[in-house]
There are 2 protein chains.
Amino acid sequence: MKYFLIFGAGKSSLFLIEHLHAYGKSKQIKTVVCDKDIDFVRTIFNLDDFFEFKQLDIFKSEDLEPLIKNSEIVVSLLPAHLHLHIAKYCLNHNKNLCTASYISDEMQQLNEQAKQKGLIFLNEMGLDPGIDHMSAIQLFDDIKYKGGEIQSFKSYCGGLVDDDCEGDNPWRYKFTWNPRNVVLAGQGGCAQFLSNHQLKILPYHQLFKKQDVFNIDGQILEGYPNRDSLIYTKAYGLEKTSTIIRGTLRKQGFCSAWQQLVSLGLTDNHKILQLDSKTTCRQWINMYCPMGVESIQEYLSCNDEDMAKIKWLGLLDDSLLPIFKGTSAEILEEILKTKWQLMPNDKDMVVMIHEITYQLNNKLYELKSFLKLKGETQTRTAMAKTVGLPLAYGTILLYEGKIKTKGVIMPIFKEIYQPVLEQLKHQGIDFQEVVNELT
Amino acid sequence: MKYFLIFGAGKSSLFLIEHLHAYGKSKQIKTVVCDKDIDFVRTIFNLDDFFEFKQLDIFKSEDLEPLIKNSEIVVSLLPAHLHLHIAKYCLNHNKNLCTASYISDEMQQLNEQAKQKGLIFLNEMGLDPGIDHMSAIQLFDDIKYKGGEIQSFKSYCGGLVDDDCEGDNPWRYKFTWNPRNVVLAGQGGCAQFLSNHQLKILPYHQLFKKQDVFNIDGQILEGYPNRDSLIYTKAYGLEKTSTIIRGTLRKQGFCSAWQQLVSLGLTDNHKILQLDSKTTCRQWINMYCPMGVESIQEYLSCNDEDMAKIKWLGLLDDSLLPIFKGTSAEILEEILKTKWQLMPNDKDMVVMIHEITYQLNNKLYELKSFLKLKGETQTRTAMAKTVGLPLAYGTILLYEGKIKTKGVIMPIFKEIYQPVLEQLKHQGIDFQEVVNELT
């Protein structure tokens, strides 16, 4: 029997697998799901003739190669650095590939070879990157079709906790995604964006200091800039646009308090500490306060709200650290994993916003387009849905031969984003738009 | 004729060469000086039968090997990362080696081999590291000999400009040493030190925020901590000492203003900028101010003194940048090279201070020991003298067979520091001491 081949059976794979399986069943195509650990999918899905779960080490070529060779199409939801490994087999065996990850330099280097073979490696096909590209470009197309000219573009996305599930947590944040990525967010280089024709560069230690603020449906959210907001300038056709910024959303008050943890040095992931097994949280924080933990607020010059958040995490308490060996980022992650844990009945919430100003017939308009989606359960999360469904739709477009652009691509082409956004709408993944004329 | 072999003929080699040559002449030993570029020594020294200057590529084994093989002893003042290359030839040809640089991990790994061959690789034999080790350990020995117990040890050193040569420069600093090292100082990891039994860790972006302040002979100096102050705890015999900090000295007001440049991100040496060739200093700074350069003081929350220093550098002026391609650290370095340039009649000044508190007969004492040395001319600098002379004395001790400790070592042994400090004293490199009983 023909089969779709999916690598990655983690929590974010649920909607992808569910949708591809349903589609495959209707076409007499099996869905084969492979990973090192397949416990999650085993407990979630009922096996039928159109399902196969395979425990697999992707570095065992003798296992991997025949699987890819005989598949219809390959989808990878593995950690981003593993896509290249899969992509090389796809190249050898002439298979199209779909991922939800940023195109790495190494992946981009396969572009010419893929083109020559008429292959399509469709990447950035999740939420962010993914739905952000597709929804933004559709807005740009509309504006340009009417004859408008885009002056400013701000695009932010965040994986948050549903407002009803915040509890007494003053950070108003819980982990709905990889904790490690949240703790290390923004490290490894300066962020850059364009503000009123001016290039802006922010070092990591200032990244969370000054936020863009958005009013979404009456709720105030704030955002900090992502690494390089300008890499899509050309792909988006924004060469003449004076403000371009892409960023990450948090609820109000988060960034300022997180900036304090960054300022202290608690997110440092280089220096490995080997602490005494009686070290308390307070003693650990004291290490980062040259004048002592007692004067932490004075040292940081931070406000009472930020201090309340720091205290709520227990960082100033005499309780033992959860681990005694590791970088401070690792220690902080362990503390946050407890404090920011998503409880069994908690639901997540995905928010995406595009704020565009444009000139049309000598008038200036502001367009706000936003998506706010709540998770159904702790497993059927908004995050898994918004990552998995576009990936499934992209895979089906590929399978049906409806994408003509070849090579290593992302969903900036109408042949991709139009049908995908249409199908997402039917699943309730739908943007609301407000246009105001600016004086 | 026998010969001493010196690698490195830069400005810091003057006193080393002068002294070794004078000593060699009295013993009928030549001094051979090698470097890629030997223009400086050619203009400074008059050639005689006991001098030889060789232009040499140290990576040409056929040139390097016979030189080392036939030498009496080898001295390297090359950039630190090149010592290992020289050390390996010394090992092969059974030659002792002397350097003024920190012992790298790679150099340390040669310890066993050097010991087995009865060789001595004497490192950290300059000013800092060098005189700092020797002078501190002599103080510790004195205190311990009397039965005292050391409670606290602070050691700071700085290469500064002579007070009389500051001009109108509000930073009160000029480059008397490698500008690159000054701009990048403290990067590449957190600093750590011990304060009142408590380990303290400072990330780079906080390094210049809070300074130790010293009154040296009526002059206020300030210092920031160096990388890891605790690596010498054992070598210094300070296992029971509650405060250990080693750092770098600047004149009052420097650190707080430098902290502002670090906070902005101007010392970033990763992101390579490719700017328009009409970019001004002000436009460059504007990139690092999210709300615009106009509100820089508000953004940094810095005081008027810091702002005056930033303005004096011309950073807010509409003048063109000196270079348009490079990291911001490189751009900043070019600007500073002009603004902080040592003028022909300017002299430098080296300051070192040890502040030690110790308990003796149930009383607590504070010992301040400091060295303040001014340069003679722009070439006969205090820096070149305090780096070059200990290296020369160490080399002569090695040549005369007066050092019994074998292997990869630093000058923490009495057989080294006692005669070297004694000779330095005769050259006016002499510490002043003040002891006060603390209540």
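Residues numbered from 1 in each chain as written. Chains lettered and ligands numbered in written order. Predicted model: local features only at pLDDT ≥ 70, side-chain atom pairs only at ≥ 80, totals over all residues. Heavy atoms only, no water.

This part covers the pairing of strand β15 (residues 348-360) of chain A. Residues and elements named next belong to chain A. Here β15 lies mainly inside the structure; 12 of its 13 residues are buried. The pairing of strand β7 (residues 149-161) with β15 spans 12 bridges and is classified as antiparallel. Counted as the bridge partner of glycine 159 is valine 350 from β15. Looking at chain direction, β15 and strand β16 (residues 363-374) are connected through 12 bridges and run antiparallel. Residue pairing for β16: valine 350 is matched across the bridge by leucine 373. The turn joining β15 and β16, which pair antiparallel and follow one another in sequence, is formed by 2 residues; a positive phi near 50° is taken by asparagine 361. (Buried < 20%, exposed > 50% of the residue type's maximum accessible area, 1.4 Å probe, protein only. Helix = DSSP H or I, 4+ residues; strand = E, 2+ residues; numbered from the N terminus. Pairing = 2+ DSSP bridges.)

For the rest of this paragraph, the subject is the relation of the copies chain A and chain B. Superposition of chain A onto chain B requires a rotation of 180° combined with a translation of 0.0 Å along the rotation axis, giving an RMSD of 0.0 Å. These values place the two chain copies in the arrangement generated by a two-fold rotation axis. Closest to the rotation axis within chain A is the C-alpha of histidine 205 of chain A, separated from it by 3.4 Å. Looking at chain A, 100% of its interface residues are interface residues in chain B too, so the copies touch through the same face. (Least-squares fit on C-alpha atoms with pLDDT ≥ 70 in both. Contact = heavy atoms within 4.5 Å.)

Time to look at the packing of helix α14 (residues 382-399) of chain A against helix α15 (residues 414-426) of chain A. Residues and elements named next belong to chain A. As a packed pair, α14 and α15 sit with axes 10 Å apart at the nearest point and diverge in direction by 130°. If you check the angle between α14 and α15, you find them oblique. For α14 against α15, the interelement crossing comes out right-handed. Each of Leu389, Pro390, Tyr393, Gly394 and Leu397 in α14 lies in contact with α15, whose residues at this interface are Glu415, Ile416, Pro419, Val420, Gln423 and Leu424. Broken down by class, the residue content of the contact of α14 with α15 amounts to 8 nonpolar, 2 polar and 1 charged. (Axes fitted to C-alpha atoms, helices over the stretch in contact; angles between N-to-C directions. Parallel < 35°, antiparallel > 145°, perpendicular 65-115°, else oblique. Left-handed = near helix turned anticlockwise from the far one by under 90°. Nonpolar A, V, L, I, M, F, W, Y, C, P; charged D, E, K, R; others polar.)

What follows concerns the packing of aromatic side chains. Residue and element names in this part refer to chain A. Per the counting criterion, the structure on display carries 50 aromatic pairs over all chains. Ring centres 5.9 Å apart and planes at 15° place the aromatic pair phenylalanine 254 and tryptophan 258 in the stacked group. Taken together, the positions of phenylalanine 254 and tryptophan 258, both in helix α9 (residues 254-264) and 4 residues apart, correspond to about one turn of that helix. Judged on exposure class, the residue phenylalanine 254 and its partner tryptophan 258 are both buried. (Phe/Tyr/Trp six-rings, centres within 6.5 Å; stacked < 30°, edge-to-face > 60°.)

With that settled, the discussion passes to helix α3 (residues 61-69) of chain B. Residue and element names in this part refer to chain B. Buried within α3 are the following residues: Leu64, Leu67 and Ile68. When α3 is viewed along its axis, its buried side chains cluster within an angular range of 95° and face the same direction. Tucked inside the fold, the buried residues of α3 contact β1 (3-7), β2 (30-35), β3 (51-55), β4 (73-76) and α4 (83-92). (Arc of directions from axis to C-beta.)

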